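Architecture at a glance
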Amino acid sequence: SYLLVVAVVAITACKTTKILPDEPVIGNLPERSERLNSQITLPFEIDIVTIEAFINQNLPSGLIESGSGREGNTTRYSYQVYRNKPVRFSAQGNELIFRVPIDVRARGSYTACGGFWEGGECCSVPNPFGSGCAVPGVTVTEHGDAAPTVDVELRIKLEMQEDYSLKANTYLKGSLSGDTHLHIDLIGNLIRINIDIKDKLEKPLQKFVNDFQQDIDHKVAELVQQYDIKSEASKYWVEIKKPVQLDSFWLDIQPQKVIFENLNASNGKLRMAIGIAAKLQVSTVKPTVSDLPLPNLTLNENTQGKFNIYLPAVVNYDYLEALAKEEVLGKKYEKENVSVKIRDLNIQGIRLNNKGALLVRADIKGKAKFKRFKGSVYFTAIPSIDHTNKIVSIEDFRIEANTNSFLLNNGLPYLVDNFYYNEIAAQLKYSYAEEYEQYFTLINENIKHFEIDDLIINGELQEISVPGIYIDEEEIELLLIAKGLLRSRIQIDQKIGIK
């Protein structure tokens, strides 16, 4: 019987347990992160001296209004309104402002009565038989002059339209800058006449606006149309889609939309900026040119001239497997009479709790006391980024649930211990330091200055950020983004009214 027991034990020791857990189900992977737009601004300048000249020529000049009046029995005044000075141009936001200097000459008088006023006459004795005076009173009249200057604002509001046209609307601003009251001091400063003539100033100018508004609006539109904004935007839309070579790489520019950025004016120039929003990506191969046609203009959005260049930093699982296999294949891991040897590794991407994760399959064989085993065990891991050392590694590396259950149910609890798969985890690392330095130098040197047709672009690299990792079934993509600012100008030799 002793020999029989020995034989049974020997047969049992030679039997190999197959490890065959259910393979984890691969779920839908997270969406790839949306590429952010970069903004390339196209600045235009249009000379508006012709508008200023038109207004100066057609705005009434010389004596444009006069009048007189009285207030009660004591106060009388007369005034003349002149425009003899040129219009001054400025701008505020999307409005052209033409300040019209107005000179006012006024004369006033104050008559004091040594008695009382009766029917507009100064009396000392009233008429007992009717109106008027029986005896006139003594009057003293003081005269004074005033010459204020005020500014009336003629404004042209400009509005860009989705079809790239510019709409102009001329109006007279209701408020005047300066004091519109006539202040006439009499008898030193004992008596002051205050007469508001605001409506008298605005009346002739409002007539000018009514008479010439359509002409001014048409003049502005005509001037702007000399420079076909849509045609220019279309030209740059085509040019900007062409790939830009950066050493052995290519800058792939995929324009998405055209944005009206701003409109302002100063120093006799109407300045406007059209921004092209594009997705920028560095490619190792020459990219194909987008066939997206010029879209309508997007209004009310600021481009701010920022760039986000996506850099290729992709690691496929074959590469990761090769790195790990060099370290772990064929090695024997032992602990308390349990030995494990890893024969092969396989890595793929899965979705785990709505996050991208790695699924690692290790083909193993080994023995524990009197039992041999072989088969596949599965582990899950979450990639993490070490920004300081530029390393992608894994964390939360643990045995997968189905594998765990199988090992416990089949008398292999010692394989749930982490004594051997910690070694696997230690080898699943990838350093992107070389790519980081390479791309930082590449972008920093090439983005400083490059030209697309007559558009000169100067970039300033501010940082390379790593916002995260995208995992799919084939590879891990490290989101490596060069961020900074783009400033651009158009180099134009001669265009009508444009510099």
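Everything in this summary refers to the structure shown in the same document. (Residues numbered from 1 in each chain as written. Predicted model: local features only at pLDDT ≥ 70, side-chain atom pairs only at ≥ 80, totals over all residues. Heavy atoms only, no water.)

1. Brief notes about the nonpolar core
Ranked by internal contacts, the top residues of the largest apolar core, which has 112 residues, are Val282, Ile309, Phe379, Phe397, Leu415 and Leu480. It is strand β17 (residues 269–283) that contributes the most residues to this core, seven residues altogether. In this view, valine 282 contacts Leu246, Phe249, Trp250, Leu251, Ile309, Tyr310, Leu311, Pro312, Tyr439, Leu442 and Ile443; residues no more than four positions away in its chain are not counted. Listed in part, the five residues of the second largest apolar core include Ile350, Leu359, Tyr378 and Ile382. (Core = buried A, V, L, I, M, F, W, Y, C linked by side-chain atoms within 4.5 Å. Buried < 20%, exposed > 50% of the residue type's maximum accessible area, 1.4 Å probe, protein only. Helix = DSSP H or I, 4+ residues; strand = E, 2+ residues; numbered from the N terminus. Contact = heavy atoms within 4.5 Å.)

2. Re the pattern of salt bridges
By the definition in use, this model includes eight salt bridges. Between lysine 325 and aspartate 344 there is a salt bridge, with its nearest N and O atoms 3.1 Å apart. Highlighted residues: lysine 325 in helix α5 (residues 317–328) and aspartate 344 in strand β22 (residues 338–352), separated in sequence by 19 residues. The exposure class of lysine 325 is partly exposed, given its relative accessible area of 25%. (Salt bridge = Lys/Arg side-chain N within 4 Å of Asp/Glu carboxyl O.)

3. What to know about the sheet that holds strand β9 (residues 133–136)
Ordered by their spatial adjacency, three strands build an open sheet running β7-β8-β9, and the pairing between neighbours is antiparallel. Of all the strands in the sheet, just β7 (116–118) and β9 have a single pairing partner and so form its edges. If you compare each strand with its neighbour and ignore which way they point, the axes differ by 75° on average. Both strand β8 (residues 121–126) and β9 contribute to a ladder of three bridges, which runs antiparallel. From the neighbouring strand, valine 125 faces β9, where its bridge partner is valine 135. (Pairing = 2+ DSSP bridges. Axes fitted to C-alpha atoms, helices over the stretch in contact; angles between N-to-C directions.)

4. Side note on unusual backbone geometry
Glycine aside, negative phi is the norm for most residues, and most peptide bonds take the trans geometry. Phi at aspartate 247 is positive, roughly 55°, even though this residue is not glycine. Its identity as a non-glycine residue notwithstanding, lysine 390 has a phi of 60°, on the positive side. Residue lysine 390 is classed as buried on the basis of its relative accessible area, which comes to 18%.

5. Considerations on the pairing of strand β24 (residues 371–386)
When strand β1 (residues 16–19) meets β24, the two strands line up parallel, connected through four bridges. Counted as the bridge partner of threonine 17 is phenylalanine 373 from β24. Hairpin connection of strand β23 (residues 355–368) to β24: two residues between the antiparallel strands, including lysine 369 at a positive phi of 55°. Where β24 meets strand β25 (residues 391–399), seven bridges bridge the pair, whose relative direction is antiparallel. Residue isoleucine 385 lies in a different strand from β25, and its bridge partner there is valine 392. Where β24 folds back on β25, the antiparallel hairpin that results is connected by four residues, among which lysine 390 adopts a positive phi of roughly 60°.

6. Things to note about the environment of asparagine 422
Of note, asparagine 422 is situated in helix α7 (residues 421–427). Its relative accessible area of 42% is what places asparagine 422 among the partly exposed residues. Sequence spacing of asparagine 422 and arginine 398 is 24 residues, and the spatial spacing of their C-alpha atoms is 9.1 Å.

Coordinates in, geometry out; function isn't part of it.
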